[in-house]
Amino acid sequence: MSESRYPVGIVGGGAWGTALASVMAQIHPEVLIWAREIDVVTAINETHENSLFLRGLKLASNIRATGDLAAMEACGALLIVTPAQHVRATLAALPRTDAPLLLCAKGIEAGTEMLMSDIAAEVRPENPLAVLSGPTFAHEVAAGKPTAITLATANQDMGAMLMRLIAAPHFRPYWSEDVTGAEIGGAVKNVLAIGCGVVDGAGLGLNARASLIARGFAEIQRYGLARGARPETLAGLSGLGDLVLTCSSDNSRNFSLGRGLGQGLSADALLADRNTVAEGAFTAPVLLKSAQRLGIEMPIVAAVCALLEGKAIVGDVTAALLSRPLKAESW
Ligand SMILES: NC(=O)c1ccc[n+]([C@@H]2O[C@H](COP(=O)([O-])OP(=O)(O)OC[C@H]3O[C@@H](n4cnc5c(N)ncnc54)[C@H](O)[C@@H]3O)[C@@H](O)[C@H]2O)c1
Ligand SMILES: O=P(O)(O)OC[C@H](O)CO
């Protein structure tokens, strides 16, 4: 990694990019963040806040914001924190750099079924790649609450170097060489979190939620193994850990979208009403298509898709899930 003015740069000024900037500002002299919205750039530089995406947080004055992607050339490593469906275009627009790219979006690209690391390998073959994923609500990380996260990269030396670069007193990365596993856990749990929100919104009870988490985890395992993930990664922070977090709290945008669906509202209405991203809504259809192509059964994911598309109501999908053929409990 070359000597740079900013050891770490953040590409994406949403809630997660801002929270990560906040952690990095505790351990590095200066942090540069690129935001798409000029109002966000101005607010970070002038009033040290990002009230559009992370309200109530005073940001450190050593965080500088820019609206110019070319400025990210001055960063030694780049955390890529745009929503998954915009990662390709953002990576393509980055200036030429040899900086390692830490991919932080959780999703699968519509149309291509590609994971973020597949996209980055295609668009930025010259850059070392890593994935950062785990149970990390942005507002908690920004507030300094203890957090552990998976940093996945195939090369162990690169993993050790990147862990040293981002580890902070309350922010503890664990290295994994299983990039695919780390990405699949993070992408699929968003869809299952919508399902858990539906259970909550429709008042189906805590037994149903626990069953959805456990059988949803079986779907993560089936799909992950088919794509080459390791079972232990899927059972780790970036898989089971994040599944439990997002399936348990209305703080999750995916869970709260599901809760609205469970209350009988339409996905279109719910999504039109927010400026924040619920990645599961974009991942669900491409995930189902990918699973069908691979011959993997994902009935809970299929149920979430049907609800998102308005093709079924909660009572129908619940009855369909409960009346599937009886079978042994396994993956
Ligand atoms: N918020 C969290 O707690 C959290 C934690 C871990 C991972 N993530 C992941 O981080 C990613 C970013 O989520 P977030 O919570 O920071 O977003 P957010 O919902 O807070 O904000 C939306 C973001 O989308 C960006 N955006 C909208 N249109 C865009 C475009 N055309 N090109 C590039 N960017 C565009 C906006 O500028 C903004 O940064 C997601 O994949 C999410 O799953 C979020
Ligand atoms: O608010 P959500 O549902 O996007 O979840 C945020 C993070 O992914 C939690 O780890």
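In the annotation of an unreviewed UniProt entry, the chain is listed under the name Glycerol-3-phosphate dehydrogenase [NAD(P)+] and assigned to Sphingorhabdus lacus. The record held by UniProt for the chain lists under Sequence similarities (unreviewed entry) the comment "Belongs to the NAD-dependent glycerol-3-phosphate dehydrogenase family."

### Structural notes on the overall build of the chain
Along its length, the chain carries 15 helices and 8 strands. Relative to the globule expectation of 20 Å for 331 residues, the C-alpha radius of gyration of the chain, 19 Å, shows essentially globular dimensions. Looking at the chain residue by residue over its 331 residues, the buried ones come to 55%. Taking as baseline every contact in the chain between residues at least 6 positions apart, the subset at least 24 positions apart corresponds to 67%. In the structure as shown, the chain presents an accessible area of about 13,900 Å², 54% of it carried by carbon and sulfur atoms. Once the 26 positive and 31 negative side-chain charges of the chain are each reduced to a mean point, those two points are 3 Å apart.

### Things to note about the UniProt feature "binding site: sn-glycerol 3-phosphate" (unreviewed entry) in the chain
The UniProt feature table records "binding site: sn-glycerol 3-phosphate" (unreviewed entry) at Lys106, Gly134, Thr136, Lys189, Asp242, Ser252, Arg253 and Asn254. Lining residues of the largest pocket drawn from the annotated list: Lys106, Gly134, Thr136, Lys189, Asp242, Ser252, Arg253 and Asn254. When you line up the elements, threonine 136 lands in the loop between strand S6 (129–133) and helix H5 (138–142).

### Focus: the site of ligand 2
In the region of ligand 2, 13 residues are neighbours, and Lys106, Asp242, Ser252, Arg253 and Asn254 sit closest. Measuring from an oxygen atom of ligand 2, one finds a side-chain N or O atom of serine 252 at 2.6 Å. Here arginine 253 contributes a side-chain N or O atom positioned 2.6 Å from an oxygen atom of ligand 2. Starting from 300 Å² of accessible surface for ligand 2 in isolation, the protein chains cover 92%. Taking a 2 Å distance to the grid points as the criterion, the majority of the atoms of ligand 2 fall inside the largest pocket. When contributions to the shell around ligand 2 are tallied by element, the ones reaching two or more residues are helix H10 (237–246) and helix H11 (253–262). A total of 3 residues in the shell around ligand 2 trace back to one element, the largest contributor, which is H10.

### Looking at the UniProt feature "domain: Glycerol-3-phosphate dehydrogenase NAD-dependent N-terminal" (unreviewed entry) in the chain
Here, UniProt's "domain: Glycerol-3-phosphate dehydrogenase NAD-dependent N-terminal" (unreviewed entry) annotation points to residues 8–157. For residues 8–157, helix accounts for 29% and strand for 21%, while the C-alpha atoms at its two ends are 18 Å apart.

### A few points about the side chain of asparagine 45
Here asparagine 45 shows up in helix H2 (residues 38–46). Here asparagine 45 is in contact with Ile63, Arg64 and Ala65, once residues within four sequence places are set aside.

### Considering the site of ligand 1
Taken together, the neighbourhood of ligand 1 is formed by 22 residues, with Ala15, Glu37, Ala138, Val277 and Glu279 sitting nearest. Alanine 138 has a polar backbone atom sitting 2.8 Å from an oxygen atom of ligand 1. Contacts to ligand 1 include glutamate 279, whose side-chain N or O atom sits 2.5 Å from an oxygen atom. In the complex, the protein chains occlude 88% of the 830 Å² of accessible area that ligand 1 would expose alone. Element by element, the count of residues in the shell around ligand 1 is highest for helix H1 (residues 15–27), at 3 residues. Residues belonging to the shell around ligand 1 are distributed by class as follows: 10 nonpolar, 7 polar and 5 charged.

Rules used in this analysis
Residues numbered from 1 in each chain as written. Chains lettered and ligands numbered in written order. Predicted model: local features only at pLDDT ≥ 70, side-chain atom pairs only at ≥ 80, totals over all residues. Heavy atoms only, no water. UniProt positions renumbered as here; feature names shortened; annotations may be inferred. Helix = DSSP H or I, 4+ residues; strand = E, 2+ residues; numbered from the N terminus. Rg over C-alpha atoms; globule rule 2.2 N^0.38 Å. Buried < 20%, exposed > 50% of the residue type's maximum accessible area, 1.4 Å probe, protein only. Contact = heavy atoms within 4.5 Å. Areas by Shrake-Rupley, 256 points an atom, 1.4 Å probe, with all protein chains shown as cover. Lys, Arg positive; Asp, Glu negative; His and termini not counted. Charge placed at Lys NZ, Arg CZ, Asp CG, Glu CD. 1 Å grid on protein atoms, 1.4 Å probe; cavity = no way out; pocket = protein on both sides within 12 Å on 5 of 7 lines; lining within 4 Å. Near = heavy atom within 4 Å. Polar contact = N/O pair within 3.5 Å; in protein donor to acceptor, adjacent residues only side chain to side chain. Sits in = over half its atoms within 2 Å of the grid points. Nonpolar A, V, L, I, M, F, W, Y, C, P; charged D, E, K, R; others polar.

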